[in-house]
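# Breakdown of the fold
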Amino acid sequence: MNVFEQFLTLPGAGLALQALASLGAILALAWLARKLQLGGDPRIQGEEHAHALADEAICGFDAKAVAVDRAGIGAIARDAAGRILLIRQHGSHFAARELVSLAGVRLDGRFLTLSTDDRGFGTITLDLGEQAQVWAASLRRLGASMP
Amino acid sequence: MSSSDIAALDIVTYAIPAFVLLVIAEMIWATRRAPEKYEPRDTLTSLALGLGSTIAGALSAGIVLAAAMWLYEHRVFTMPNVWWAWIACFVLDDLNYYWFHRTGHRVRWFWASHVNHHTSQHYNLSTALRQTWTGFLALSFIFRIWPAFLGFHPLMILTVGGANLVYQFWIHTEAVGRMPRWFEAVFNTPSHHRVHHATNALYLDRNYAGALIVWDRLFGTFQRERDDLPIRYGIVKQLGSFNLLHAVFHEWRGMVADIWRAPWRHKLSYLLRPPGWSHDGSREGSDAIRARWLEKHAVTNQVSE
């Protein structure tokens, strides 16, 4: 009996082999998806697009003010109730989170860096040009009413 | 009927090579027609979830089978190993799947496990393999094994359950438009299941069927796919991450955090009420989102075709 045959006699060996083969297939498929250049690089086309994305993220979110990153990778929106929504590119789509704390907001010239309480969502730095300072000031004002 | 009379067929394992080939075929279709239908990182997460789910399922299969065998030993009838019993078992299992699936969307405890399948913003064949790792922990199998008490052999139940899972693979695609009218009326199809995976308000918590769409028509949860409503996929609060462990455990973690923070009299509600429920009304569930959308759009939505 060779080593492989001995391995097959071990409990769970069949499952381990099946898992290994499946892992190989998974990596091969992921490689193929990359090789075929699948995926997209969507950008926020403007304020109207950001409005639509905000409404999609929170049904009925009616953005009263919006600022879009210069490269279109993200946007920040505020509604009449003072809710702040952060929108960012996620793969071939967009994802959004409501900003419930200002702890993760930093201003650096024309760049506004924002992170939400959801660590999985990550941090995003938006190039908002001159609007960065305006939004930072606006967020500071709103911050007083945040928990 | 003893277990020696019946041979369980591990249909899912045999189907894996076909799954791989069909995913490749769909990727080639996407390359030519719509490259954004696939996202390599999303595909990798989906497939890794599929592998983990298979391993988790294999590790817990013994306990599930033992529980089903115990029920079978206390059965009230004995179903023979004949063709009509297999069909009856499949239909009953599909009905059980409908209720398991509906509960999986309407009770947060079960949703914490099932949400994994819905976290992709894509809808392709790799999404079909995006399965939970925590189904056993959620005790979801209880919905499927009780026919053993009626007298269906556990191996028969496992086999038809596998066939149901394999059937559901092909409906996770945008490459297929609509099937013939008679087929759409009876079976779950890519069109019906696209609605199920949608986050559009009108489509939330609709079309729970496994193989037969008749259950949704019967129990009032059917929603036809509308050509004038482009579908967005995923969950109401999109995951925004390709992290595998975050995908697996995010809802469990969120649920535990909610229970921890909630006043004592509301703790159980975070376990048993629908996802999106909150004791202070600070969040919205699918019913409220859907109702508000319908009111805004004044839609006269036909439940049946």
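### Structural notes on the overall build of chain B
- Along the backbone of chain B there are 14 helices and zero strands.
- Of the regular secondary structure in chain B, the N- to C-terminal order runs α-α-α-α-α-α-α-α-α-α-α-α-α-α.
- Considered along the principal axes of its C-alpha atoms, chain B spans approximately 60 × 55 × 40 Å.
- Looking at chain B as a whole, 42% of its 305 residues are labelled buried.
- A separation of at least 24 residues holds for 73% of the contacts in chain B among residues at least 6 apart in sequence.

### A closer look at the overall build of chain A
- When helices and strands are counted, chain A shows four helices and seven strands.
- Starting at the N terminus, the α and β elements of chain A follow one another as α-α-α-β-β-β-β-β-β-β-α.
- Along the three orthogonal principal directions, the C-alpha set of chain A runs to about 75 × 35 × 30 Å.
- Counting every position in chain A, which comprises 147 residues, the buried fraction comes to 32%.
- Across chain A, the fraction of contacts at a sequence separation of at least 24, relative to all contacts at a separation of at least 6, is 42%.

### Some points on the confidence of the model for chain B
- Mean pLDDT for chain B: 93, with 95% of residues reaching 70 or above.
- The ipTM for the predicted assembly is 0.86, set against a pTM of 0.91.

### So, the sheet that holds strand β4 (residues 93-99) of chain A
Residue and element names in this part refer to chain A.
- Pairing is antiparallel across the open sheet formed by four strands, whose spatial order is β1-β2-β3-β4. Edge strands, defined here as strands with exactly one partner in the open sheet, are β1 (63-68) and β4. Pairwise comparison of adjacent strand axes, ignoring direction, gives a mean angle of 20° for this sheet.
- In the sheet, strand β3 (residues 84-90) pairs with β4 via seven bridges, with the strands oriented antiparallel. Along β4, the bridge assignment pairs Gln89 with Phe94.
- Contacting β1, β2 (74-79), β3 and β4, helix α3 (residues 47-57) runs over the sheet at an angle of about 120° to β1.

### A look at the domain arrangement of chain B
Residues and elements named next belong to chain B.
- What the domain assignment lists for chain B is domain 1 (3-180) and domain 2 (244-297).
- The C-alpha centroid of domain 2 is placed 26 Å from the C-alpha centroid of domain 1.
- With 14 residues of domain 1 at the interface, the matching set in domain 2 holds twelve residues.
- Looking at the side of domain 1 that touches domain 2, the elements that each hand over two or more residues are α2 (40-73) and α4 (108-114).
- Ranked by residue count, the leading element in the side of domain 1 that touches domain 2 is α4, at four residues.
- Residue composition of the side of domain 1 that touches domain 2, grouped by class: eight nonpolar, four polar and two charged.

Scoring rules and cut-offs
Residues numbered from 1 in each chain as written. Chains lettered and ligands numbered in written order. Predicted model: local features only at pLDDT ≥ 70, side-chain atom pairs only at ≥ 80, totals over all residues. Helix = DSSP H or I, 4+ residues; strand = E, 2+ residues; numbered from the N terminus. Buried ≥ 20, exposed ≤ 12 C-beta atoms within 10 Å, placed from the backbone. Contact = placed C-beta atoms within 7 Å. pLDDT = per-residue confidence, 0-100. Pairing = 2+ DSSP bridges. Axes fitted to C-alpha atoms, helices over the stretch in contact; angles between N-to-C directions. Domains from an automatic or database assignment. Nonpolar A, V, L, I, M, F, W, Y, C, P; charged D, E, K, R; others polar.

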